[in-house]
Amino acid sequence: MTSFEIAGDAFLLDGEPHRILSGAIHYFRVHPDDWADRIRKARLMGLNTIETYVPWNAHEPREGEWTADGALDLARFLRTVQDEGMHAIVRPGPYICAEWDNGGLPAWLFTDPEVGIRRSEPRFLAAVTAYLERVLAIVRPLQVTEGGPVLLVQVENEYGAYGDDADYLRHLVDVFRGAGITVPLTTVDQPEPAMLENGSLPELLKTASFGSRSRERLATLREHQRTGPLMCSEFWDGWFDHWGAHHHTTPVEQSAADLDELLALGASVNIYMFHGGTNFGFTNGANDKGVYQPIVTSYDYDAPLDEAGEPTEKFWAFREVIAKHAPVPAEEPVVAAAAPAFTVPFERSVPLFSVAPRLGEWEHTDALPTFDELGHYSGLGLYRTEIDTDEPAVLEFGEVRDRAYVFVGSTRVGVLARDHHDSAITLSPSRGTLTVLVEDQGRVDYGPRIGEPKGLIGPVLLNGEPLQRWSVLPLRLPALTAVRDALDLVGDADPERLAGPVFARATFEVEEPGTLFLDTTGWGKGVAWVNGFNLGRYWTRGPQETLHVPGPVVRAGRNELVILELESAAEATAAFVSEPRLGHTDF
């Protein structure tokens, strides 16, 4: 039986000193049929371990509805790591940040205002205990001491930046140990004295998160943990992007030098990220430090493997650095050929409003409900009411979360954008149906606004008077069967342009499956699916200009592309290009 323990200032694997050289791959951001390829490339760069978070909200999107198969098959992912001869680190949170929707915490947790998130509050402790017991039942038989790959398991995540409830951390430790986790438990915080002290317990191994000044940061860590192996469990080699901002990159030479310094000091490391992947569907998070900033679909992160899993300059530079400190396989990864480039027309289109009744059920209420109050935790929804005003009127909402397209009848009269702090719009004299299409652009993943409800936030006033009697339709996507049926039955053939909100479909042929890059620069804002797989959001605002289509999604022969265009496209065509483009910014 394999043993793994901490002794003095070292990790010991079967009694011998062991340095962890890890890279982060989030299984939930990579198509499962691509896991083996990405893990193998990590080994070829010289790594011996793979780290992953576990997203509670993906595994349990509604209370009690647990799933751990398909793209969320954590056990399969960990076994794939082991099949490559590597070890694993698991970080189940419950909070993960990760630029992921709501920091991984389920939205349903916050529907009861009495629940005390990330602290010793009975309702939260009951929910988090049930979650962890499910996750740890997967992890327990896959510990290295049980013949599996898992060396370390992390308790909470950057807790010192959030709170200082030691009783809460001790409860989590009791749950981990009670569930049969016997490998060492760790915590991680930025190397700031207060964070390191508040975010851990004496019996846990403290680790640090940073991306530069390795000697200084490790010295701070050692001041707050006199014994134990030094480890940077988030070595930041890149960064994430917001819509409307620039694409972040870090200099290859500087990142490699910082990694070299860290390894020369004898520390263990987890490179965050080795391969970032993609925020498929509606899974991206957001930040709000006075201005709401949703995160783009790509989680490329300027990592050693790009979003499509291809080695970057950073891969080769890191490989050279690691070779100075540990054995690196002689074999090198094969670099894929450029993806095929081609253009296809959209064959049919249908207005969203024609399809909407097939995508959910109307809820009728006097008060204005949030998405969360309707159990609708991501995506889009419609709000409707009747108005009758003989003079120009100001329509005002308490807050819009996060983007609202306002229609009177079938005419779009404006857009309210949370990132512009919009909450009011002037209407012409109007009589008829007021419709507001609202997009949840991603829940805040860090800071005090985690858990806030989505949709329209009341009160709603029309010229200062309360507006009531609302009908709300949560749009259940993906429900593409209903969309396909509508396209077939009532859709317009061969559209010349796309005036949103509108669904459109194109078909294309490829000789063999393989990665594709969908060019979105000719469109406004929306969501795209290939063969029913939700690729995520696009937006002309940039910096992201392409959507990654994983190779396993593509079929030899005929394939289907469906988009939901919320704004407009001057030409009803779809283009695929040979490589990803992430650098454009258009404010």
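Just above sits the structure.
Given the structure is predicted, the values throughout are model-derived calculations rather than measurements.

> I keep staring at the side chain of His548 and nothing clicks. Help me out?
Among the secondary structure elements, His548 is positioned in strand 32 (residues 546-549). Residue His548 is classed as buried on the basis of its relative accessible area of 4%. Side chain to side chain, His548 and Thr278 meet in a polar contact 3.4 Å long. When residues no more than four places from it in sequence are discounted, the contact partners of His548 are Thr278, Phe280, Glu307, Ala308, Thr515, Leu516, Phe517 and Leu535.

> Would you take a moment to explain the nonpolar core for this structure?
Note on soluble globular proteins: their nonpolar side chains tend to be buried together. Core analysis: the largest hydrophobic core is formed by 107 residues, its most contacted members being Leu47, Trp56, Phe77, Phe176 and Leu262. The element best represented in this core is helix 4 (residues 122-139), accounting for ten residues. What Leu262 contacts, discounting residues up to four positions off in sequence, is Phe210, Ser214, Leu218, Cys232, Phe235, Ala267, Ser268 and Val269. Listed in part, the 26 residues of the second largest apolar core include Leu547, Leu561, Ala569 and Ala574.

> I keep staring at helix 3 (residues 74-83) and nothing clicks. Help me out?
An α-helix turns once every 3.6 residues. As a result, residues three or four positions apart point the same way. For helix 3, every residue scored as buried is listed here: Leu74, Ala75, Phe77, Leu78, Thr80 and Val81. Buried residues along helix 3 sit against strand 4 (21-25), helix 1 (35-45), strand 5 (49-53), strand 6 (87-91), helix 4 and strand 7 (150-154). Positioned one or two residues after helix 3, Gly85 has a phi angle of 80°, which is positive.

> Help me out: how do you make sense of the side chain of Glu158 in this one?
Take Glu158: it is sitting in the loop between strand 7 and helix 5 (166-178). Arg91 provides the closest opposite charge to the buried, unpaired Glu158, separated from it by 6.7 Å. The residues contacting Glu158, other than those within four sequence positions of it, are Arg118, Val188, Asp189, Ser209, Glu234, Trp236 and Tyr446.

> Is there a simple way to explain the packing of helix 7 (residues 214-223) against helix 8 (residues 252-264) in this structure?
Packed helices, taken two at a time, are described by their axes: the angle between them and the distance between them. Packing of helix 7 against helix 8 brings their axes to within 9 Å, and their N-to-C directions diverge by 40°. In terms of orientation, helix 7 and helix 8 fall into the oblique class. The residues of helix 8 that touch helix 7, namely those facing Ser214, Arg215 and Leu218, are Asp258, Glu261 and Leu262.

> Would you mind showing me how to read helix 5 here?
In a regular helix each residue adds 1.5 Å, so 13 residues correspond to 18 Å; helix 5 covers 18 Å between its end C-alpha atoms and thus fits that length. Residues Tyr168, Leu169, Leu172, Val173, Val175 and Phe176 constitute the buried set of helix 5. Down the axis, helix 5 shows its buried residues gathered within 160° of arc, on one side only. The exposed set on the far side of helix 5, more than 90 degrees from its buried face, consists of Asp167, Asp174 and Gly178.

> It is not clear to me how the packing of helix 1 against helix 9 (residues 313-323) should be interpreted in this structure. Could you clarify?
Two elements in contact, helix 1 and helix 9, have axes separated by 9 Å at closest approach and are oriented at 45°. Taken together, the axis directions place helix 1 and helix 9 in an arrangement best described as oblique. Listed contacts from helix 9 to Lys41, Leu44 and Met45 of helix 1 are Phe315, Phe318, Arg319 and Ile322. Across the contact of helix 1 with helix 9, the residue classes break down as five nonpolar, no polar and two charged.

> Whenever I open this one, the sheet that holds strand 9 (residues 205-210) confuses me. Can you help?
Think of a sheet as strands paired side by side through backbone hydrogen bonds, with each pair either parallel or antiparallel. Around the barrel, which closes on itself, the eight strands sit in the order 4-5-6-7-8-9-10-11 with parallel pairing between neighbours. Adjacent strand axes in the sheet meet at a mean angle of 30°, parallel and antiparallel pairs treated alike. Here four bridges tie strand 4 to strand 11 (residues 268-275), and the two strands are oriented parallel to one another. Within strand 11, the residue paired with Ser22 across the bridge is Asn270.

> Can you help me understand the sheet that holds strand 14 (residues 342-345) in this one?
With respect to topology, four strands assemble into an open sheet ordered 14-35-29-32, the strand pairing being antiparallel. Two strands lie at the open edges of the sheet, namely strand 14 and strand 32, each paired on one side alone. Across this sheet, the average inter-strand angle for adjacent strands is 30°, counted without regard to direction. When strand 29 (residues 516-519) meets strand 35 (residues 573-577), the two strands line up antiparallel, connected through three bridges. In the strand pairing of strand 35, Asp519 is matched with Ala575.

> Before we go on, may I ask you to explain the packing of aromatic side chains in this structure?
For any pair of aromatic rings, the description rests on two quantities: the centre-to-centre distance and the angle between the ring planes. Evaluation of the coordinates by the stated rule reveals 31 aromatic pairs. Ring geometry for Tyr159 and Tyr162: centres 6.1 Å apart, planes at 45°, overall tilted. Pairing Phe280 with Phe533 gives two aromatic rings, centres 4.9 Å apart and planes at 75°, and the pair type is edge-to-face. One end of the pair, Phe280, is in the loop between strand 11 and strand 12 (286-288); the other, Phe533, is in strand 31 (residues 533-539), with 253 residues separating them in the sequence. Residue Phe280 is classed as buried on the basis of its relative accessible area, which comes to 11%. Looking at Phe533, the relative accessible area reads 24%, which means it is partly exposed. Here the basic side chain of Arg29 rests over the ring of Tyr299, its NZ or CZ set 3.7 Å away from the ring centre. One residue, Arg384, lies across the ring of Phe353, its end atom 5.6 Å from the ring centre.

Calculation notes
Residues numbered from 1 in each chain as written. Predicted model: local features only at pLDDT ≥ 70, side-chain atom pairs only at ≥ 80, totals over all residues. Heavy atoms only, no water. Helix = DSSP H or I, 4+ residues; strand = E, 2+ residues; numbered from the N terminus. Buried < 20%, exposed > 50% of the residue type's maximum accessible area, 1.4 Å probe, protein only. Polar contact = N/O pair within 3.5 Å; in protein donor to acceptor, adjacent residues only side chain to side chain. Contact = heavy atoms within 4.5 Å. Core = buried A, V, L, I, M, F, W, Y, C linked by side-chain atoms within 4.5 Å. Lys, Arg positive; Asp, Glu negative; His and termini not counted. Salt bridge = Lys/Arg side-chain N within 4 Å of Asp/Glu carboxyl O. Axes fitted to C-alpha atoms, helices over the stretch in contact; angles between N-to-C directions. Parallel < 35°, antiparallel > 145°, perpendicular 65-115°, else oblique. Expected span 1.5 Å × (residues − 1). Arc of directions from axis to C-beta. Nonpolar A, V, L, I, M, F, W, Y, C, P; charged D, E, K, R; others polar. Pairing = 2+ DSSP bridges. Phe/Tyr/Trp six-rings, centres within 6.5 Å; stacked < 30°, edge-to-face > 60°. Lys NZ or Arg CZ within 6 Å of the ring centre and 35° of its normal.

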